[in-house]
Amino acid sequence: MTTPSSEQEGLVRVLARGDVLALAFGAMIGWGWIVLTGTAIQSAGSLGAIIAFIIGGLAIVLVGLTYAELAAAMPKVGGEHVYSYRALGHLPSFLCTWAIILGYLSVVAFEAVALPTVIEHLAPNYAVGHLWTIAGWEVKATWVAVGVGGSLVMMIINYFGVTTAALLQKVVTGLILLVGVMFVTGSLFEGETINMMPLFTQADSGVFAGIVAVLVMVPFLFVGFDVIPQAAEEINLPYKAIGKVLMMSVILAVVWYALIILATSLALNSDELAASSLSVPDAMGSLFNAEWASNLMVMAGIAGIITSWNAFYIGGSRAIYALAKAGMLPAPFAKLHPRYRTPTNAIFMMGFLSCLAPFFGRPALVWIVNAGGLGIVLAYLFVAISFVVLRVREPDMPRPFKVNNGKLCGILAIILSFGMACLYLPGSPAALSGAEWTIFAGWAALGIVLYVHALRTYGRDYSDRHMKADL
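Residues numbered from 1 in each chain as written. Predicted model: local features only at pLDDT ≥ 70, side-chain atom pairs only at ≥ 80, totals over all residues. Heavy atoms only, no water.

If you check an unreviewed UniProt entry, the chain appears there as Amino acid permease from Halomonas campaniensis. Of the comments in the UniProt record for the chain, the one headed Subcellular location (unreviewed entry) reads "Cell membrane". (UniProt positions renumbered as here; feature names shortened; annotations may be inferred.)

A. Structural view of helix H19 (residues 434–458). Taking 1.5 Å per residue, 25 residues should reach 36 Å; H19 reaches 36 Å between its end C-alpha atoms and fits that length. Along H19, the residues classified as buried are Glu436, Phe440, Trp443, Gly447, Leu450, Tyr451, Ala454 and Tyr458. Once H19 ends, the next one or two residues include Gly459, with phi positive near 90°. (Helix = DSSP H or I, 4+ residues; strand = E, 2+ residues; numbered from the N terminus. Expected span 1.5 Å × (residues − 1). Buried < 20%, exposed > 50% of the residue type's maximum accessible area, 1.4 Å probe, protein only.)

B. Layout of the environment of Arg318. With respect to the element layout, Arg318 can be found in helix H15 (residues 291–325). When the C-alpha positions of Arg318 and Val77 are compared, they lie 6.6 Å apart, and in sequence the two are 241 residues distant. If sequence neighbours within four positions are ignored, Arg318 has contacts with Val77, Gly78, Val162, Gln230, Glu234, Thr342, Pro343 and Ile347. (Contact = heavy atoms within 4.5 Å.)

C. Region of the structure containing the environment of Ala441. Turning to its location among the elements, Ala441 is positioned in helix H19. Assessed through its relative accessible area of 44%, Ala441 is described here as partly exposed. With 297 residues separating them in the primary sequence, Ala441 and Val144 have C-alpha atoms 25 Å apart.

D. Molecular detail of helix H6 (residues 90–122). Taking 1.5 Å per residue as the helical rise, H6 with its 33 residues ought to reach 48 Å, and the 49 Å between its terminal C-alpha atoms agrees with that figure. The buried count for H6 comes to 26 of 33 residues, which makes it a mostly enclosed element.

Right, here's the structure in full:
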C-alpha cells in the first residue's frame, strides 16, 4: 500500500524575509480593497467603516499574535494542522485545517470571478456568448474563459516552484504599494472632508448594524497572514523572525485598509459612491481628473488579484499536502514534484476548484466570500484555543517568539473569534444565505468523506505516529 510518507524528500527552505512579508501582505490586500471599499463606506459611513476595520483589525492582531508564537515554536508545513493536533488531537486538527482550506479556496475562487469582472472596466462589453443565467446574472463564455485562463496560469506558476511564485509576489506587491501611495497622497491634497459625510450610516437598524455588516467582511479581507505558517518549512529565517514578520504583515494590512477607506471617502461623495461600480478606481480618477489614473488603479487591482491568488495557491496547497502527509486525506495529495518540490496534486485540486467558480457568474462573489469567511474564523477559533491549551499544558515548550500576557491574549482571541463566527449565524444582521450555507455544508460533507476514506486506508495509528514524529 502506498502511504503518504513514501516521499523521500520534503519541501525546501528558500523563502527570505522579503519573500515572506510580500507573501502575507500581498495575500491580505488582494482585490477586495478595490471592489468592497465603496460597499463598506455605504454600509457604515466613512468613519464607521474605518472603525469597523480597526476593530476587526485589532481582533486579527490578537489572533495573529497566537499564530506568531505557534509558528515560531512549531515551524512545520500545515500551520493550524500542527498546532491544533498538538493541543486538541486528531479530529479537531482535521476540522481546523479543513475549515481554513475552505477559506483559502474561497479566495482562490473569488479571484477567478474577480479577474473577468475587473477586465470589464478596461474593456467594456467584451463578455459575449450567453451560457446561462444564475441569480438574474447572465454568464458569458468569454467572461468565463478569462477566469478559467487566469486560474490555469496561476496553477502553472505554482507548479514550477515556490521560488518563482515568491519572485512574482515581491514584484507585483511592490507595484501595488506604489499606486497606493499615489492614491493616499493625492487624496490628502485634492480630496475634500465634506465628501466623508455621513460619518456614520443611520439605517433603520441603527449605526451598530452598519458597523457589524462591515465587520463580517474583515475576516475574508485580512486572511493571508496565516499563509506564513502554511509555508513554514519553506521559510529560510530564524524561528523568532517568522513570528515578527507575521505580525508586521498584519499591522501593515490594517493600516493599508484604513488609509484606502479614508482616501476613497475624501475623493467621492455619497452620491458618487452609490453610482460607482468600482469605487477606488473611480476615486483615483476623480483625484487626478484623468482616465489614466482610474485605469492605473484598475491595474493595481489586477496586481492585487495576482498576489492574493498566488499566495493562497501556496497556502491552500500546503494545507492539503500537510493533511495528506499525516494520513488525514488520500495519499496522492501528499505527492511532491521530484524536481520542483511542490505538492502537485494539491495544486491541481486548488486549480480545478478555482476554474469552476467563473461558471457560476458574478453572484458567486458574495456567496464565496461569506462561506469562506466562516471557515476562516472557525480556524482562527481553533488556533486560539490551541494557543491557550498549550500555554497551560506545556508552559515550558520552547517559544522563540513569546507573547507577553499570553493567556489573556489567547482568551481575548478566543472571545473575538467566537464573536466573529456568531455573526454568520441565523438571527445575525449578516447571517449566511441559503446558497452560502449550501457551499459550507457541501464542503463539510466532502471533508467527512475524504477523512473517513483516509482513516480506513491508513489507520488512525499511522496518522498519530507521523504527527508525533513530526512534533
